[in-house]
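Architecture at a glance
Chain residues, written in single-letter form:
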Amino acid sequence: MEYENFDQLKADVGLAKIEECNQQENSNFAEMEQNGQPLPEDIRKMVYNGEIRYARLLSNVSSGKEELYVLMKISKDLNLIKIFLGVSLTIAIVAFFLSIAFGG
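What you see is a predicted model; the values in this text were computed from it and never measured.

1. Re the overall build of the chain
Along the backbone of the chain there are 3 helices and 3 strands. Counting from the amino terminus, helix and strand elements in the chain follow one another as α-β-α-β-β-α. Over its C-alpha trace the chain gives a radius of gyration of 24 Å, far above what one expects of a compact globule, namely 13 Å for 104 residues. Taking the principal axes of the C-alpha coordinates as reference, the chain spans close to 80 × 35 × 20 Å. A burial count over the chain gives 15% of its 104 residues as buried. Of all intrachain contacts in the chain linking residues separated by at least 6 positions in sequence, the fraction that spans at least 24 positions is 55%. A total of about 8100 Å² of accessible surface is found on the chain, and carbon and sulfur atoms cover 60% of it. Of the charged side chains in the chain, 10 are positive and 15 negative, and the gap between their average positions amounts to 9 Å.

2. Observations regarding a nonpolar patch on the surface
Residues V70, L71, I74, L78, I81, F84 and L85 make up a contiguous nonpolar surface patch of about 670 Å² in total accessible area. Counting through the fold element by element, I81 comes out in helix 3 (residues 66-103).

3. A closer look at the sheet that holds strand 1 (residues 16-20)
Taking strand neighbours across the sheet as the criterion, the 3 strands line up as 1-3-2 in an open arrangement whose pairing is antiparallel. A strand with exactly one partner marks an edge of an open sheet, and here the two such strands are strand 1 and strand 2 (43-48). The mean angle between the axes of side-by-side strands here comes to 40 degrees, regardless of whether they run parallel or antiparallel. Those strands touched by helix 2 (residues 23-34) are strand 2 and strand 3 (51-59), and its axis lies near 105 degrees from that of strand 3.

4. Details of helix 2
Counting along an α-helix, one turn takes 3.6 residues, and residues three or four places apart therefore face a common direction. For helix 2, built from 12 residues, the straight-helix expectation of 16 Å at 1.5 Å per residue is met to within 8% by its first-to-last C-alpha distance of 17 Å. If you check the start of helix 2, you find a side-chain oxygen 3.1 Å away from the backbone N of Q24, and it comes from N22. Just downstream of helix 2, G36 is the residue with a positive phi angle, here 80 degrees.

5. Focus: the confidence of the model for the chain
Of all residues in the chain, 95% attain a pLDDT of 70 or more, and the chain-wide mean is 86. Across the chain, helix 3 holds the top mean pLDDT of 91, while helix 1 (residues 4-12) sits lowest at 76.

6. Concerning the pattern of salt bridges
The tally for this structure, following the rule as stated, stands at 5 salt bridges. Across the salt bridge formed by E33 and K45, the nearest N and O atoms sit 3.4 Å from each other. In this pair, E33 sits in helix 2 while K45 sits in strand 2, placing the two residues 12 residues apart along the sequence. The exposure class assigned to E33 is partly exposed, which follows from its relative accessible area of 28%.

Conventions used here
Residues numbered from 1 in each chain as written. Predicted model: local features only at pLDDT ≥ 70, side-chain atom pairs only at ≥ 80, totals over all residues. Heavy atoms only, no water. Helix = DSSP H or I, 4+ residues; strand = E, 2+ residues; numbered from the N terminus. Rg over C-alpha atoms; globule rule 2.2 N^0.38 Å. Buried < 20%, exposed > 50% of the residue type's maximum accessible area, 1.4 Å probe, protein only. Contact = heavy atoms within 4.5 Å. Areas by Shrake-Rupley, 256 points an atom, 1.4 Å probe, with all protein chains shown as cover. Lys, Arg positive; Asp, Glu negative; His and termini not counted. Charge placed at Lys NZ, Arg CZ, Asp CG, Glu CD. Patch = residues over 30% accessible without salt bridge, like charges linked within 9 Å, V, L, I, M, F, W, Y side chains within 5 Å. Salt bridge = Lys/Arg side-chain N within 4 Å of Asp/Glu carboxyl O. Pairing = 2+ DSSP bridges. Axes fitted to C-alpha atoms, helices over the stretch in contact; angles between N-to-C directions. Expected span 1.5 Å × (residues − 1). Polar contact = N/O pair within 3.5 Å; in protein donor to acceptor, adjacent residues only side chain to side chain. pLDDT = per-residue confidence, 0-100.

What follows is the structure in structure tokens.
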């Protein structure tokens, strides 16, 4: 479906949770589709091993806060990368000076 990859990305970064529907709900949603009725907004049609199932997309963050959440997550990840690079650079400089002092 058109939403499947985007929904999975939202779940991967913690913006949403994908919860599979139970057997009764799967039957109800399949019947709705056969009757030409649209699925509810939070229901997604998924195909698992050739079997059609339905899943509910539960948002962990209100839609107005998604952008802020993603920006904060990116900022956190960049901060971790900055710390890692700083430690790596420090180790490289110390190793360089040690190799000069004891190697030559």
